[in-house]
Amino acid sequence: MKAAAFALALSAACAMAANAAADTSLPTGKGLPVVVHTAVSFIEIVSFNENAGTYKATVDLRLRWEDPRLRRPAGEANDPPKVYRGQPAQARTAEIWVPAVELANQRAKETYSALGLRIFPSGAVEMTRRVSAEFAAPFEVERFPFDRQKLRLEVAMRDEPAGAVRLAFDQSDLDFSRAGAGVALDGWSVGAVALRSDPIAGWYGASHSRVLAALDIARQPGPIVAAIFIPLFASLLIPLLAIWLNRIEDGRFTIETFELINLTVGGLFAVIALNFTVNAAYQPLSAGDNAVTRLFSINYGALGASLLINVLLSRFAVVERLAGRYVQEQLFYVLAWAVPAMSFALGAAVVLVAAI
Amino acid sequence: MTFRRSAPALLISIVAIVIAGLTFLSDRLFSGLTAAVEEGQFQLMQSILDTTLRRAADDALARAEIVAAMPSARQAVAAKDRDRLLAEFNEMFAIQKERRGVDQVQFHLPPAMSLLRLHAPQRSGDDLSRFRPMVVTVNRERAARNGLAIAATGPAIFGVAPVRDPQGNHAGTVEFGLNFGPLLDGLKAAYGLELALFMQEKQLREFATGIDPALLSDQNRVGPFMRIHATNRDLLRQLARDGDIAAVNEPARYTREAQDVPYGVLLMPLRDDAGQSLGVIAVARDFSGSRAAAGRSLVWQMCLAAFAIILLAGVVIVVLRGLLLRPLEVLDRRLAALAEGGQGGISEPSDRFCTEMQRLAERAGAIAAAAKGRAS
């Protein structure tokens, strides 16, 4: 009992001594703000979920700052840095000030995390955190399927205002910030990592420092073009067939209107089914303006035009009543090539605009 | 030649030519707007850089004037007391260097002899008049100046102030030199610009004898220049090549694609107080927004032109053939039947023909009636 009490008292005394030695306050020795150099390296990209707007990845976050309180005596100036990994690093970070940065767009608890710490004789500290987790990534669909996306990592410092702690980066951080040699993502080409400062507005006019690291990925459009664009252009032929299949002899239509209307309505169902399928596979497409939604609009527009042409010209002969049989005949001939030409010109423009 | 084919072809060709011409002019107009926007961006980049360099020079001069006015500095410079100056200002310099990007502080004696370099106290007594004309001028004219120069420890933005002894006589000068690196990094953080500083290698090797040797390594050589600082080395290596910066006497502008992004690049020559060329600063900004807008505009203009041609061609065809040629064809058939001895009976209604055609149809009807009367 006595031994246990002694051990408890000893551990309490040790803890108090450790706390007394530890100085976890902001290092103001070099003035404020404390500059924390930030760099991010993408080690592995596991997946990119376009529908959820998230990606799973393993990243290395490197933070560098100076704490003059950790300077070693001049005699040790040329000594190698003290290196801590794993548990010792965790323990050491409890004893010194470390910037309380957070990965602001992390979606769930990390599946893996490791910590490394190097403290140089000059008082320079380098902390590297490896994190495997899911992160949110804003998904821009305007240029789909010729789009480039940014897999972002938001490194934010919300505990201290930018006047106290500032996240920054220099050439060394740019050199560190890149995708690892083995990083690959199916259907995408992996590019470079860019760093950008993007402060967050805080209370009472203050702001908080934030650095956005963005891995640039470019979609390989080939498979999408085959899977979505070819059906979309093919379905555009249905309303055009409903125009072409009609026949006019000496100013008189010879095909019953209801047969052509049946074809148009069938086309409508085909386009609706295709629309549903595409939206189920690529949910963000349904929300915004992009080449796919525009091509669907052209399809619906062409179906509407086909319906109007058949009903107004063939069924009710509106133009014949107003301007004569031969004007209607010539108008029909013109519409038979003008509607397809305009539909495909518009479709091509939509695709080109997305590709530029 | 048949009117049926040649008349619509002629009219449609004219329509197509006119619309194509208008589309071309419209595209030129929009390209002009895009160029004006980009020109504005270039001017903004130049203005930002000019202002930043000017403010830095003023900042350096303000520091120099503060020190020059301090009694302890005046006494020590007048007494040429290096140890006192070092004891007095060494800590100030250490703080300024660590926190404020002050790279160099130096006291001089007339005409331009180094009394003390706080950044390199072991080097003194050398004559700077050959490569520091600003120091010579300030000692001669006894009026403060600021500007760019290459000093023994490298290029910097300097402010030089005259120092008077306690009796008010000119005793020497003091200068503060600000490092370019933090300035360029600050511009990147504030405006998203990418910047690089290139200095003449010949002058660096001749004058900057105390510069970090790593800065003069082969990997930093760009033609006759050395890259001293870059906010994004890989990107700027593509945007500012040796051929681009080799002969920049005036601000130069161009656009170039790097890493699949179009950039606008501004090259600003740097000169010292005497107008001697020292180097070049390259500033780059992402122009993808304006370029993509111009491309999209061209596509939509071409699409609208195609629509206009199709619609107008349709109108030409419907009017010519529907109102003129097809009724003529009907009347021709009727008259042909008459000529062949038939009665030229009217099988198609002509009440929807235009007035002129109706008159013609009535004439044909009258001829047919007359023929019928003669036959009966």
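Since we're looking at a predicted model, the values are computed, not measured.

Caption draft 1: Structural detail: the environment of A:G251. Considering the arrangement of structural elements, one finds A:G251 in the loop between strand 13 (248-249) and strand 14 (252-253). Along the primary structure A:G251 and A:A108 are separated by 143 residues, whereas in three dimensions their C-alpha atoms are 70 Å apart.

Caption draft 2: Inspection of the interface of chain B and chain A at higher detail. Contacts between chain B and chain A engage 33 residues on the former and 37 residues on the latter. Interface of chain B and chain A: buried area, both sides summed, is about 3,000 Å²; carbon and sulfur atoms make up 64% of it. A per-residue breakdown of the area chain B buries against chain A is headed by B:I310, B:R326 and B:R352, which together make up 19% of the total. Linking chain B with chain A are 5 salt bridges. In this structure, the salt-bridge partner of B:D260 is A:R148, at a minimum N-O distance of 3.7 Å. On inspection of chain B and its partner chain A, the count reaches 4 residue pairs in polar contact (both at pLDDT 80 or more).

Caption draft 3: Examining the domain arrangement of chain B more closely. Once the domains are mapped, chain B shows domain 1 (3-27 + 293-375), domain 2 (69-178) and domain 3 (181-286). Taking the mean C-alpha position of each, domain 1 of chain B and domain 3 of chain B sit 68 Å from one another.

Caption draft 4: Fine view of the sheet that holds strand 6 (residues 124-136) of chain A. All names here are of chain A. With mixed pairing, 6 strands are arranged side by side in an open sheet as 3-5-6-2-1-8. If you trace the sheet from one side to the other, it starts and ends with strand 3 (82-85) and strand 8 (165-168), each paired once. On average, adjacent strands in this sheet sit at an angle of 20° to one another, irrespective of strand direction. As judged from the 13 bridges shared by strand 2 (residues 54-66) and strand 6, these two strands associate in the antiparallel manner. Looking at strand 6, one finds that R62 is bridged to T128.

Caption draft 5: Local environment of the nonpolar core. Residue and element names in this part refer to chain A. Grouped together as the largest cluster of nonpolar side chains are 70 residues, with contacts concentrated most on F48, Y55 and V292. In terms of residue count, helix 8 (residues 291-315) provides more of this core than any other element does, 7 residues in total. Two domains each put at least three residues into this core: domain 1 (25-220) and domain 2 (223-355). When neighbours within four sequence positions are excluded, V292 is seen to be in contact with F144, I228, F229, L232, V278 and L285.

Caption draft 6: Spotlight on the sheet that holds strand 7 (residues 221-222) of chain B. Residues and elements named next belong to chain B. The strand order 7-8-6-11-10-9 describes an open sheet built from 6 strands, whose pairing is antiparallel. The sheet is open, and its two borders are formed by strand 7 and strand 9 (252-258), each paired with just one other strand. Across 6 bridges, strand 6 (residues 194-200) lies against strand 11 (residues 277-286) in antiparallel orientation. By the bridge assignment, M199 is partnered in strand 11 with G279. Contacts from helix 1 (residues 3-68) reach strand 6, strand 9, strand 10 (261-271) and strand 11 within the one sheet, and its direction differs from that of strand 10 by about 40°. Those strands touched by helix 5 (residues 180-191) are strand 6, strand 8 (225-230), strand 10 and strand 11, and its axis lies near 155° from that of strand 6.

Caption draft 7: View of the packing of helix 5 (residues 237-244) of chain A against helix 6 (residues 257-281) of chain A. Residues and elements named next belong to chain A. Viewed as axis vectors pointing N to C, helix 5 and helix 6 meet at an angle of 175°, and their least axial separation amounts to 9 Å. The orientation of helix 5 with respect to helix 6, classified from their angle, is roughly antiparallel. Residue-level inspection shows I238, L241 and A242 of helix 5 in contact with helix 6, the latter providing L260, L263, T264, G267 and A270. In terms of residue class, the contact of helix 5 with helix 6 is built from 6 nonpolar, 2 polar and no charged.

Caption draft 8: Main features of the pattern of salt bridges. All told, the structure shown has 45 salt bridges over all chains when counted by the stated rule. The partner of A:K150 in a salt bridge is A:D216, with the nearest N and O atoms 3.4 Å apart. Here A:D216 lies in strand 12 (residues 210-219) and A:K150 lies in strand 7 (residues 148-156), a separation of 66 residues in the sequence. Residue A:D216 is classed as buried on the basis of its relative accessible area of 12%. A salt bridge links B:R291 to B:E38, with the nearest nitrogen and oxygen atoms 2.7 Å apart. Linking B:R291 in helix 9 (residues 288-339) with B:E38 in helix 1, this pair joins segments that are 253 residues apart in sequence. Look at B:R291 and you get partly exposed, because its relative accessible area is 34%. Among the ionic contacts, a cluster of salt bridges with common partners joins A:K30, A:E66, A:R71 and B:E98.

Caption draft 9: Representation of the packing of aromatic side chains in the model. Using the criterion set out here, one finds 14 aromatic pairs over all chains in the structure. Taken together, a centroid distance of 6.1 Å and an interplanar angle of 50° make the contact between A:Y326 and B:F353 tilted. You can see A:Y326 sitting in helix 10 (residues 325-355) and its partner B:F353 sitting in the loop between helix 9 and helix 10 (355-375), one on each of two chains. Of the two residues, A:Y326 and B:F353, neither departs from the other in class, the shared state being buried. These aromatic residues form a ring-pair network of at least three members: A:F48, A:F139 and A:W188.

Caption draft 10: Looking closely at the domain arrangement of chain A. Residues and elements named next belong to chain A. When the domains of chain A are assigned, the result is domain 1 (25-220) and domain 2 (223-355). Inter-centroid distance (C-alpha atoms) of domain 1 to domain 2 is 52 Å. The interface is formed by 11 residues belonging to domain 1 together with 19 residues belonging to domain 2. Interface area, domain 1 with domain 2, both sides summed: about 1,200 Å², of which 67% is carbon and sulfur. Ranking the residues of domain 1 by area buried against domain 2 places N51, F144 and F146 at the top, with a combined share of 48%. Counting every contact that joins domain 1 to domain 2 gives 0 salt bridges. Put simply, domain 1 and domain 2 have 4 residue pairs in polar contact (both at pLDDT 80 or more) between them.

Criteria and thresholds
Residues numbered from 1 in each chain as written. Chains lettered and ligands numbered in written order. Predicted model: local features only at pLDDT ≥ 70, side-chain atom pairs only at ≥ 80, totals over all residues. Heavy atoms only, no water. Helix = DSSP H or I, 4+ residues; strand = E, 2+ residues; numbered from the N terminus. Contact = heavy atoms within 4.5 Å. Buried area = accessible area lost by both parts, 1.4 Å probe. Salt bridge = Lys/Arg side-chain N within 4 Å of Asp/Glu carboxyl O. Polar contact = N/O pair within 3.5 Å; in protein donor to acceptor, adjacent residues only side chain to side chain. Domains from an automatic or database assignment. Pairing = 2+ DSSP bridges. Axes fitted to C-alpha atoms, helices over the stretch in contact; angles between N-to-C directions. Core = buried A, V, L, I, M, F, W, Y, C linked by side-chain atoms within 4.5 Å. Buried < 20%, exposed > 50% of the residue type's maximum accessible area, 1.4 Å probe, protein only. Parallel < 35°, antiparallel > 145°, perpendicular 65-115°, else oblique. Nonpolar A, V, L, I, M, F, W, Y, C, P; charged D, E, K, R; others polar. Phe/Tyr/Trp six-rings, centres within 6.5 Å; stacked < 30°, edge-to-face > 60°.

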